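Spelled out, the chains give:
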Amino acid sequence: MKKAVILFMTMILLAGLLAGCGTSEEDKTGEKTDDNKVLVMATSADYPPFEYIETGKSDDIIGFDVDLAKAIAAKLGYEVQVKDMDFGGLVQSLKSGQADFVLAGMTPTEKRKKNVDFSDIYYTAQHMIISKKDSGIETLEDLEGKTVGVQLGSIQEGKAEEINEKVAIKVENRNRIPELIQEMKAGRFDAAIIEDTVAKGYFENEKDLKGFTISDDPEEAGSAIAFPKNSELTEQFNKELQAMKENGELQELVVKWFGGEE
Ligand code: ARG
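Residues numbered from 1 in each chain as written. Predicted model: local features only at pLDDT ≥ 70, side-chain atom pairs only at ≥ 80, totals over all residues. Heavy atoms only, no water.

1. Remarks on the site of the ligand
Here comes step 1: Neighbouring the ligand are 15 residues; A104, G105, T107, R112 and I155 lie closest to it.
Here comes step 2: One of the side-chain nitrogen or oxygen atoms of D46 is found 2.9 Å away from a nitrogen atom of the ligand.
Here comes step 3: Measuring from a nitrogen atom of the ligand, one finds a side-chain N or O atom of Q151 at 2.8 Å.
Here comes step 4: Here the ligand loses 100% of its free accessible area of 350 Å² to cover by the protein chains.
Here comes step 5: At the level of elements, β2 (46–47) and α5 (155–166) are the ones that each hand at least two residues to the shell around the ligand.
Here comes step 6: Residues that form the shell around the ligand fall into these classes: five nonpolar, six polar and four charged. (Near = heavy atom within 4 Å. Polar contact = N/O pair within 3.5 Å; in protein donor to acceptor, adjacent residues only side chain to side chain. Areas by Shrake-Rupley, 256 points an atom, 1.4 Å probe, with all protein chains shown as cover. Helix = DSSP H or I, 4+ residues; strand = E, 2+ residues; numbered from the N terminus. Nonpolar A, V, L, I, M, F, W, Y, C, P; charged D, E, K, R; others polar.)

2. Describing the confidence of the model for the protein
Here comes step 1: Looking at the protein, pLDDT values average 90 and 85% of them are 70 or higher.
Here comes step 2: For residues 20–32, every residue scores under 50 in pLDDT, and the model assigns this stretch three contacts once sequence neighbours within four places are set aside. (pLDDT = per-residue confidence, 0-100. Contact = heavy atoms within 4.5 Å.)

3. A closer look at the pairing of strand β11 (residues 191–195)
Here comes step 1: Most of β11 is tucked away: five of the five residues are buried.
Here comes step 2: Side-chain alternation along β11 places A191, I193 and E195 on one buried face and A192 and I194 on a second face that is also buried.
Here comes step 3: Note: strand β8 (residues 127–132) against β11, five bridges, orientation antiparallel. Each bridged residue has a counterpart across the sheet, and for I129 the counterpart in β11 is I193. (Buried < 20%, exposed > 50% of the residue type's maximum accessible area, 1.4 Å probe, protein only. Pairing = 2+ DSSP bridges.)

4. Focus on helix α8 (residues 233–246)
Here comes step 1: For α8, with 14 residues, the first-to-last C-alpha span of 20 Å sits near the 20 Å given by 1.5 Å per residue.
Here comes step 2: Of all the positions in α8, only L233, T234, F237, N238, E240, L241 and M244 are classed as buried. Buried residues of α8 fall within an arc of 165° about the axis and therefore sit on the same side. Across from the buried face of α8, at angles greater than 90 degrees, the exposed residues are E235, K239 and E246.
Here comes step 3: Looking at the residues trailing α8, positive phi occurs at G248, about 85°. (Expected span 1.5 Å × (residues − 1). Arc of directions from axis to C-beta.)

5. Concerning the sheet that holds β2
Here comes step 1: Taken in spatial order, the three strands make up an open sheet running β2-β3-β4, and their pairing is antiparallel. The sheet is open, and its two borders are formed by β2 and β4 (61–62), each paired with just one other strand.
Here comes step 2: Where β2 and strand β3 (residues 51–53) come together, two bridges link them in antiparallel fashion. Residue pairing across strands places Y47 opposite E51, the latter belonging to β3.

Okay, structure coming up:
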């Protein structure tokens, strides 16, 4: 009786070990079974509520984009692995095959379209000039002679250059959005250009900051999903995105992360 139990347990143990071997071998060769397909999503997790880490709570990257990616991927039978990097490196991560797609509140510009493909726009936004409440900056003209911070590689960088053609400003860039906020608080930047949705989030915690929007085209700073050129995923993702727009699932995510302003 005792022997039988031991034998039985040994068999279970062995089976477990063998199964374990199997999976680790698969991982090594990079082979993926059908029920465990993983897509790598690259992002720049400095952009609440799109993608960020809630410091003090966990190391997980959360946000609207992460939820959207997981929802679409799940419908297509994939799991998502999120990879954090600086915004300026995202397009390259697709070109070099480090990631399968990028969700980072990225705007589908003509320039980027030369290197990557985009889905349709899933969320629209506008540029906002933010500064300290006592900065005296109320209009674009007030920026004359001021130091303005932007994220490296973002379309806000281009916007700053555009402004600079009309009003002379000094443009400075940083890799991460929180750095822009810090530089402003420290008095090294007079203002920064950030998209309105993200800026609004900062206003909640940074009571001495204010801002005003400057673009009139709602799609100017809109967000889309980026893929390597000619990826099969573009079409597949876009179809699911369309479906989510129609069945209200996208709106549910908007309400969850942006408070349903749209
Ligand atoms: N929409 C802007 C762009 O495409 C800014 C996006 C910044 N995203 C981020 N995760 N930091 O350039």
